[in-house]
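Given next are the chains, with one letter for each unit.
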Amino acid sequence: MRLTRNCLLALQANRVWRSYLGGRSLDEIEGQPLPADGNFPEDWIASLTLANNPVQGDPDEGLAKLTNEDGELVLFSDLVESDPEFYLGKEHVARFGTDMRILAKYLDSAIRLHFQVHPTAAFSAKNLGVNKGKTEAYVILAIRDEIEQPYIYAGFQRPPSKGDLRKWIETQDIASLEACFDKIPVKVGDVFLIPGGCPHALGEGILMVELMEASDLVVRFEFERGGYVLPEESRFMGRGLDFCLNVFDLRPKSVADFACQPRVLHEFADGSVQKLLIGEDRTRCFEARSTRIEKAVTKSEDGFYILVVTAGSGTVEIGGQVCELKQYDRVFVAAEAGEVSFKTHAGLEFLELAGPVL
């Protein structure tokens, strides 16, 4: 199997089974003849992360795949392993090896997701023997027409006592758990950062890009959604409820704790603009930028990034290698890419999802 080194890697759909319902919008993006919601509501982009599902049909589920010059499917992980410094960068590899440290997804919810919480990196290092937690970010792309008041839940606005929280989880008193939250309204273009320790749930009818630390550490404290009951091993990280109660940040939170305000990074001669959505002032786990190309721009970035097209069309070129871009396309740009040129005739907008701040 041939593994050819390329600065630009065009990525195909990589749908992953989940325990909640959604995915109709992803079917539409892929041109499926009968778009429908089901148990494949996520598309993992440039993923080096295996999905941890109760029923593992595909041993490589979650890992991104590409087509090589011979028309064969190859794992993105095999490419990275073949030349990690080229793809991830020398400094990144020196610190983290071939662990990309981030996972990016398209996520399309038909129903509200489970109430859940993830540990912080500090908690994981101290109690789980793992050097990362699961801080995550949302970039809202679209809202289904039938959803009049889209929302997320993030952080307890009215935190319960630890005793009440234990009781409500044990008895699955969902009404009492839900009463701890306010609905945080969302709209297209909003960006949120959900740090480890903050309980949360995504509302129904939202298509978004989710960027997170690449771990599968999760406490799901609501056991049933969409008719599927989570098995015991998918609830408390194999540690039990009493242990997992220590994951929760029980300080009261407001929307200001989660909403991110973009700021301009660069203004280019043709009127194009690059903005910082999430930077190291909010987290060192990853960085998220957005760029709008008006005509033509050549620029370079430090480190690798995942390019996700959110609107318009155009091209991206590195050293004579050209990729056509349209809405919802996704491309991995290698750390050693150097200068990258973008062109458009009708406007091109994309996210740049980068790894941890080194």
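Above this text sits the structure in question.
About the cut-offs
- Residues numbered from 1 in each chain as written.
- Predicted model: local features only at pLDDT ≥ 70, side-chain atom pairs only at ≥ 80, totals over all residues.
- Heavy atoms only, no water.
- Helix = DSSP H or I, 4+ residues; strand = E, 2+ residues; numbered from the N terminus.
- Rg over C-alpha atoms; globule rule 2.2 N^0.38 Å.
- Contact = heavy atoms within 4.5 Å.
- Phe/Tyr/Trp six-rings, centres within 6.5 Å; stacked < 30°, edge-to-face > 60°.
- Buried < 20%, exposed > 50% of the residue type's maximum accessible area, 1.4 Å probe, protein only.
- 1 Å grid on protein atoms, 1.4 Å probe; cavity = no way out; pocket = protein on both sides within 12 Å on 5 of 7 lines; lining within 4 Å.
- Points joined across faces, edges and corners; volume = space filled by probe spheres on them.
- Nonpolar A, V, L, I, M, F, W, Y, C, P; charged D, E, K, R; others polar.
- Core = buried A, V, L, I, M, F, W, Y, C linked by side-chain atoms within 4.5 Å.
- Salt bridge = Lys/Arg side-chain N within 4 Å of Asp/Glu carboxyl O.
- Polar contact = N/O pair within 3.5 Å; in protein donor to acceptor, adjacent residues only side chain to side chain.
- Disulfide = S-S within 2.5 Å.

A. Inspection of the overall build of the chain at higher detail. For the chain, the count of helices and strands is 8 helices and 25 strands. The C-alpha atoms of the chain give 20 Å as radius of gyration, which agrees with the globular expectation for 358 residues (21 Å, within 12%). If you line up the chain on its principal axes, its C-alpha atoms span 60 × 45 × 40 Å. Here the contacts in the chain between residues at least 6 apart in sequence split such that 73% fall between residues at least 24 apart.

B. Structural context of the packing of aromatic side chains. Inspection of every chain in the model, using the stated rule, returns 17 aromatic pairs. Here the aromatic rings of Phe-223 and Phe-236 are separated by 5.9 Å at their centres, their planes lie at 80°, and the arrangement is edge-to-face. Taken together, the residues span a long stretch of sequence, with Phe-223 in the loop between strand E14 (219-220) and strand E15 (224-225) and Phe-236 in the loop between strand E16 (228-229) and helix H8 (241-244) at a distance of 13 residues. Look at Phe-236 and you get buried, because its relative accessible area is 8%.

C. Quick peek at empty space enclosed by the protein. Going through the model one piece at a time under the given rule, you end up with 2 cavities of 30 Å³ or more. Roughly 40 Å³ of volume is contained in the largest cavity. Every residue lining the largest cavity is listed: Arg-18, Trp-44, Thr-49, Leu-103, Lys-105, Lys-134, Met-212, Ser-215 and Asp-216. In this structure, the second largest cavity encloses a volume near 30 Å³. Mapped onto the lining of the second largest cavity, the elements with two or more residues apiece are strand E8 (136-143) and strand E13 (206-213). The residue inventory of the lining of the second largest cavity, partitioned by class, reads 8 nonpolar, no polar and 1 charged.

D. The arrangement of the nonpolar core in detail. Counting 61 residues, the largest nonpolar core has Phe-76, Tyr-87, Ile-278, Ile-306, Phe-332, Phe-342 and Leu-353 as the members making the most contacts within it. Residue contributions to this core peak at 7 residues, all from strand E21 (residues 305-318). The contacts of Phe-76, once residues within four sequence positions are left out, are Leu-9, Ala-46, Ser-47, Leu-48, Ala-64, Lys-65, Leu-66, Met-100 and Phe-332.

E. Layout of the pattern of salt bridges. What the rule picks out here adds up to 29 salt bridges. For Asp-182, the salt bridge goes to Arg-158, with nearest N and O atoms at 2.8 Å. Here Asp-182 is found in the loop between helix H7 (174-178) and strand E10 (184-185), whereas its partner Arg-158 is found in the loop between strand E9 (151-154) and helix H6 (162-171), with 24 residues between them in sequence. The shortest N-O distance in the salt bridge between Glu-280 and Arg-284 comes to 2.8 Å. The exposure class of Arg-284 is partly exposed, given its relative accessible area of 44%. Residues joined by salt bridges that share partners form a network here, namely Glu-287, Arg-289, Lys-299, Glu-301 and Glu-352.

F. Focus on the side chain of Glu-213. Checked against the element boundaries, Glu-213 lands in strand E13. In terms of polar contacts, Glu-213 uses its side chain to reach the backbone amide nitrogen of Lys-134, at 3.2 Å. Within the local environment of Glu-213, its side chain forms a polar contact with the backbone nitrogen of Thr-135, the two atoms lying 2.8 Å apart. With near-sequence residues (within four places) excluded, Glu-213 lies in contact with Arg-101, Ala-121, Lys-132, Gly-133, Lys-134, Thr-135, Cys-285 and Phe-286.

G. Up close: the state of the cysteines. If you walk through the whole model with that rule in mind, you get 0 disulfides. Its sulfur unpaired, Cys-7 is 11 Å from the next cysteine sulfur, which belongs to Cys-323. No disulfide involves Cys-198; its sulfur sits 12 Å from the nearest other cysteine sulfur, which is in Cys-260.

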